[in-house]
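Chains, contacts and geometry: an overview
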Amino acid sequence: MDKIRLENVSYVYNRGLPFEQVALDNVSLSIRAGCVTGIIGHTGSGKSTMMQLLNGLAEPTSGRVFLDGYDINAKAEDLYEEWSALPEYAHLSKGARKKAIRREVARRRAELCFRVGLVMQYPEYQLFEETVEKDIAFGPRNMKLSEEEIGLRVREAARFAGLDEELLQKSPFDLSGGQKRRVALAGVIAMRPEVLVLDEPAAGLDPAGRTRILDGILRYQRTTGSTVLIVSHSMEDMARYCDDVVVMGDARVLMQGERREIFSHTQELTDAGLDIPQITHLVRLLRERGVPLPENIYTVEDAVLAVQALFAE
Amino acid sequence: MKNVAFGQYYPADSPLHRMDPRAKVILAILYIVCTFLCKNAISFACLVLSALVLVVLSHLPLRLILRSMRPILFIIVFTSVINIFMTKGEHLLTPADWRIKIYAEGLWNALFMVLRISALILGTGIFLTYTTTPIALTDALERLLSPLKKIKIPVHDFAMMMTIALRFIPTLTEETEKIMNAQRARGASFSTGSLINRAKALIPILIPLFVSAFNRAFDLASAMECRCYHGDEGRTRLKVLHYRASDLVAVLLMLSFGVGVFFLNRLGIGPHLS
Ligand SMILES: Nc1ncnc2c1ncn2[C@@H]1O[C@H](COP(=O)(O)OP(=O)(O)OP(=O)(O)O)[C@@H](O)[C@H]1O
Ligand SMILES: [Mg+2]
């Protein structure tokens, strides 16, 4: 089942001005529910732009974005025909039906950013509250949850994001860059989104920080069964964390599919200015020299296991 | 906000774009004086002609120029109405027994005022906004006003502040947008609710914005000090402005246009501005 589907989506910045910029050019894409999908592509290929279309922050210049089969930018007038037949609207008079449909569309629209949680690229700048705890609570508070529930979610989100309990009472401005990043992540996780979209969550962090933040995201995904999209430049991260991979280049989707399938297209990836994971490359070279290793190895751990198995034989 | 380039500079390669910004400031001032010199139909006709020449020389799309007129539409309509109904003259157009009296002089006055205001906006727009980057403009003003340094007015420092402010407006706009988006992604809404709620909704935007603006300011100050910036004294420039022959010709043309208008006003033909 596709959680998210993009149909011929285009997005143009500064339309009609001399510095017009096509950021997405007729992109079609589907994202499987309950999977981790990695989005890679060189800088300026339109990844961030695409992420902002998913939770309704931006509306595509043309084309449609579906979440669970519902066009998130649909207008009430366009849905009127289709929905009139539904049991919840069929019994209403024409005026009341129009009103009810309009209300429902507005409700879905308002709820969208809670269902699709977006952590923007370099989210450190968005913190504003006096304490970390209050900042994480901003999202849940906007959802109009009870204080009790908010407290619960803040603690849960802090755990997922790898924030220590004692950090919660500190000012977010006194934290390190990596810690701020995790606070921002917790702020979105606290809304318990069914789709979690992360724009380069690990960019600019040290290896330990990377693993910590990405492991936390994976833990959230496994615990809640949500759908996760991760934009990243790192093939190693893609290989370790993602089930599916989407390759972008020059405002288009070049390839999409399962990890194994994508990484077998070495040449295309190189043409797109990307790389396969180094360990995969190494294993491929070894195989070419006659070492009988399995082909689909994407992480160092898998390689270690395979080599150990080889020696055990 | 997203689609407005700051300062409305329109990048193109036209004679006006290439002109020295100091010359353009001088030309703009002269042009404003000319619009006020115009007194009769012939000189106003010349003014319209000169405006057309400017439009052609600037290579700006007509659409952009018309759009720049939109904000003053109200003023234009207002002055026309005032002039049409308030001017007293000799040639009554409405029947004598009407309570509202419109004179031919009123119509002419209205037309002249509209032309004057439009030319004013068009001239300053073309010389100073659309063909000159704000940075070049500040630079030009600094150089033109530099004699004031003699009487201890810190022209350079004002110009530097202005340049920095202008330089950071697009950056801050972009940043505001990013922060708004980030907070919107967490369910903040800025356009609904009571006035108090809307004001409160600005807090999550303003605090991060101020924090980052201050950080930027400190960084910039350090960066400037690292490069030994110490004010105006002994500072040389990367982009040195040079007047060219064409700049001189343009200024002379504008001067002769002014003199021409001055003499055309003396011709007693056609309706006058009264
Ligand atoms: N606010 C904006 N205004 C105008 N153009 C923009 C804006 N944001 C992005 N663009 C342009 O749209 C294109 C796609 O940008 P986008 O930020 O989506 O790229 P990206 O794939 O996320 O790159 P990166 O890996 O560097 O984050 C780029 O060419 C960029 O210049
Ligand atoms: Mg990006």
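Because the structure is predicted, anything quoted here is derived from the model rather than measured.

Parameters and conventions
- Residues numbered from 1 in each chain as written.
- Chains lettered and ligands numbered in written order.
- Predicted model: local features only at pLDDT ≥ 70, side-chain atom pairs only at ≥ 80, totals over all residues.
- Heavy atoms only, no water.
- Helix = DSSP H or I, 4+ residues; strand = E, 2+ residues; numbered from the N terminus.
- Rg over C-alpha atoms; globule rule 2.2 N^0.38 Å.
- Buried < 20%, exposed > 50% of the residue type's maximum accessible area, 1.4 Å probe, protein only.
- Contact = heavy atoms within 4.5 Å.
- Areas by Shrake-Rupley, 256 points an atom, 1.4 Å probe, with all protein chains shown as cover.
- Pairing = 2+ DSSP bridges.
- Axes fitted to C-alpha atoms, helices over the stretch in contact; angles between N-to-C directions.
- Salt bridge = Lys/Arg side-chain N within 4 Å of Asp/Glu carboxyl O.
- Domains from an automatic or database assignment.
- Buried area = accessible area lost by both parts, 1.4 Å probe.
- Polar contact = N/O pair within 3.5 Å; in protein donor to acceptor, adjacent residues only side chain to side chain.
- Nonpolar A, V, L, I, M, F, W, Y, C, P; charged D, E, K, R; others polar.
- Donors = N, O, S within 2.8 Å, 3.2 Å for Na, K, Ca; no water.
- Phe/Tyr/Trp six-rings, centres within 6.5 Å; stacked < 30°, edge-to-face > 60°.
- Parallel < 35°, antiparallel > 145°, perpendicular 65-115°, else oblique.
- Left-handed = near helix turned anticlockwise from the far one by under 90°.
- Core = buried A, V, L, I, M, F, W, Y, C linked by side-chain atoms within 4.5 Å.
- Disulfide = S-S within 2.5 Å.
- Near = heavy atom within 4 Å.

1. Focus on the overall build of chain B
Looking only at helices and strands, chain B has 11 helices and zero strands in total. The order of helices and strands in chain B, counted from the N terminus, is α-α-α-α-α-α-α-α-α-α-α. Taken against the 2.2 N^0.38 rule, which gives 19 Å for 274 residues, the C-alpha radius of gyration of chain B at 25 Å runs more than 25% over that of a compact globule. The C-alpha extent of chain B, read off along each of the three principal axes, is 70 × 55 × 35 Å. Taking all 274 residues of chain B together, the buried fraction comes to 36%. A sequence separation of at least 24 residues applies to 76% of the contacts in chain B between residues at least 6 apart. Per element, the accessible surface of chain B, about 16500 Å² overall, is 71% carbon and sulfur.

2. Some words on the overall build of chain A
The helix and strand tally for chain A stands at 13 helices and 10 strands. In terms of overall size, chain A behaves like a compact globule, its C-alpha atoms giving a radius of gyration of 22 Å where 313 residues would be expected to give roughly 20 Å. Over its C-alpha atoms, taken along the principal directions, chain A stretches across nearly 75 × 45 × 45 Å. The buried share of chain A, taken over its 313 residues, is 52%. Across chain A, the fraction of contacts at a sequence separation of at least 24, relative to all contacts at a separation of at least 6, is 64%.

3. Some points on the sheet that holds strand S1 (residues 2–13) of chain A
Residue and element names in this part refer to chain A. Across the sheet, which stays open at both edges, the four strands sit in the order S2-S1-S4-S5 with antiparallel pairing between neighbours. Sheet topology places strand S2 (21–32) and strand S5 (70–71) at the edges, where each strand pairs with a single neighbour. Inspection of the sheet shows S1 paired to S2 by eight bridges, in the antiparallel sense. Considered in S2, the bridge of arginine 5 is made with serine 30. Where helix H1 (residues 47–54) meets the sheet, its contacts fall on S1, S2 and strand S4 (62–67), and the angle it forms with S1 comes to roughly 120 degrees.

4. Looking at the pattern of salt bridges
Pairing between side chains of opposite charge can happen when their charged atoms approach one another. Residues and elements named next belong to chain A. Tallied over the full model, the rule gives 30 salt bridges over all chains. For arginine 115, the salt bridge identified is with glutamate 111, shortest N-O distance 4.0 Å. Here arginine 115 pairs with glutamate 111, and both are found in helix H4 (residues 94–115), just four residues apart, close to one helical turn. On the accessibility criterion, glutamate 111 (26% relative accessible area) is partly exposed.

5. As for the domain arrangement of chain B
Residues and elements named next belong to chain B. Domain annotation for chain B reports domain 1 (15–145 + 242–266) and domain 2 (152–226). Using only C-alpha atoms to locate each centre, domain 1 and domain 2 end up separated by 36 Å. Each partner contributes residues to the interface: domain 1 has five residues there, and domain 2 has seven residues. Taken together, both faces of the contact between domain 1 and domain 2 bury some 530 Å²; the carbon and sulfur share is 78%. The three residues of domain 1 that bury the most area against domain 2 are Ile135, Thr138 and Glu142, which together make up 77% of that side's buried surface. One can count zero salt bridges joining domain 1 with domain 2. The tally of links from domain 1 across to domain 2 stands at one residue pair in polar contact (both at pLDDT 80 or more). Of the residues assigned to the side of domain 1 that touches domain 2, the class counts are three nonpolar, one polar and one charged.

6. Remarks on the coordination of the magnesium ion (ligand 2)
Residues and elements named next belong to chain A. Protein coordination at the magnesium ion (ligand 2) comes from Ser48 (OG) and Gln121 (OE1), with a distance range of 1.8 to 2.4 Å. Here the residue serine 48 occupies a position in helix H1, and glutamine 121 occupies one in the loop between strand S6 (116–119) and helix H5 (132–142), the gap between them amounting to 73 residues. By relative accessible area, serine 48 is classed as partly exposed at 23%. Classification of glutamine 121 as partly exposed rests on a relative accessible area of 25%.

7. As for the packing of aromatic side chains
All names here are of chain A. In total, this model carries 13 aromatic pairs over all chains according to the counting rule given. Ring centres 5.4 Å apart and planes at 85 degrees place the aromatic pair phenylalanine 160 and tyrosine 220 in the edge-to-face group. Pair noted here: phenylalanine 160 is in helix H6 (residues 147–160) and tyrosine 220 is in helix H8 (residues 207–224), with a separation of 60 residues, a long-range link. Assessed through its relative accessible area of 10%, phenylalanine 160 is described here as buried. With relative accessibility at 1%, the residue tyrosine 220 sits in the buried group.

8. Observations regarding the packing of helix H3 (residues 41–58) of chain B against helix H11 (residues 245–264) of chain B
Residues and elements named next belong to chain B. Two elements in contact, H3 and H11, have axes whose closest approach is 8 Å; the angle formed by their N-to-C orientations is 155 degrees. By the angle between their axes, H3 is roughly antiparallel relative to H11. As H3 runs across H11, the sense of the crossing is right-handed. Between H3, through Ile42, Ser43, Cys46, Leu47 and Ser50, and H11, the contact on the second element is made entirely by Phe257, Val261 and Leu264. Classifying every residue of the contact of H3 with H11 by side-chain character gives six nonpolar, two polar and no charged.

9. Concerning the nonpolar core
Residues and elements named next belong to chain A. Ranked by internal contacts, the top residues of the largest apolar core, which has 53 residues, are Ile136, Leu196 and Leu269. Per element, the largest residue contribution to this core is six residues, and it comes from helix H7 (residues 177–189). Discounting residues that sit within four places of it in the chain, isoleucine 136 has contacts with Val154, Ala157, Leu163, Leu168, Val183, Ala186, Gly187 and Ala190. Met50, Met51, Leu53 and Phe128 belong to the second largest nonpolar core, which has 40 residues in total.

10. Details of the interface of chain B and chain A
A common way to express how large an interface is: the accessible area buried when the components associate. On the chain A side, the residues contacting the 21 residues of chain B number 25 residues. Buried surface at the junction of chain B and chain A, both sides included, amounts to about 2000 Å², of which 64% is carbon and sulfur. Between chain B and chain A we count one salt bridge in total. We note a salt bridge from B:Arg186 to A:Asp135, for which the minimum N-O separation is 3.0 Å. Taken together, the links from chain B to chain A amount to three residue pairs in polar contact (both at pLDDT 80 or more).

11. A look at the state of the cysteines
Tallied over the entire structure, the rule returns zero disulfides over all chains. Left without a disulfide partner, B:Cys46 is nearest to the cysteine sulfur of B:Cys38, which lies 7.5 Å away.

12. Comments concerning the site of ligand 1
Residue and element names in this part refer to chain A. In the vicinity of ligand 1 there are 14 residues, among which Thr43, Gly44, Lys47, Ser48 and Thr49 approach most closely. Within the contact set of ligand 1, an oxygen atom lies 2.7 Å away from a side-chain nitrogen or oxygen of lysine 47. At a separation of 3.0 Å, an oxygen atom of ligand 1 approaches a polar side-chain atom of glutamine 121. Protein burial of ligand 1: of its 630 Å² of free accessible surface, 70% is covered by the chains. Broken down by secondary-structure element, the contributors of at least two residues to the shell around ligand 1 are S2 and H1. By residue number, the principal contributor to the shell around ligand 1 is H1, which donates three residues. The class makeup of the residues in the shell around ligand 1 is two nonpolar, 10 polar and two charged.

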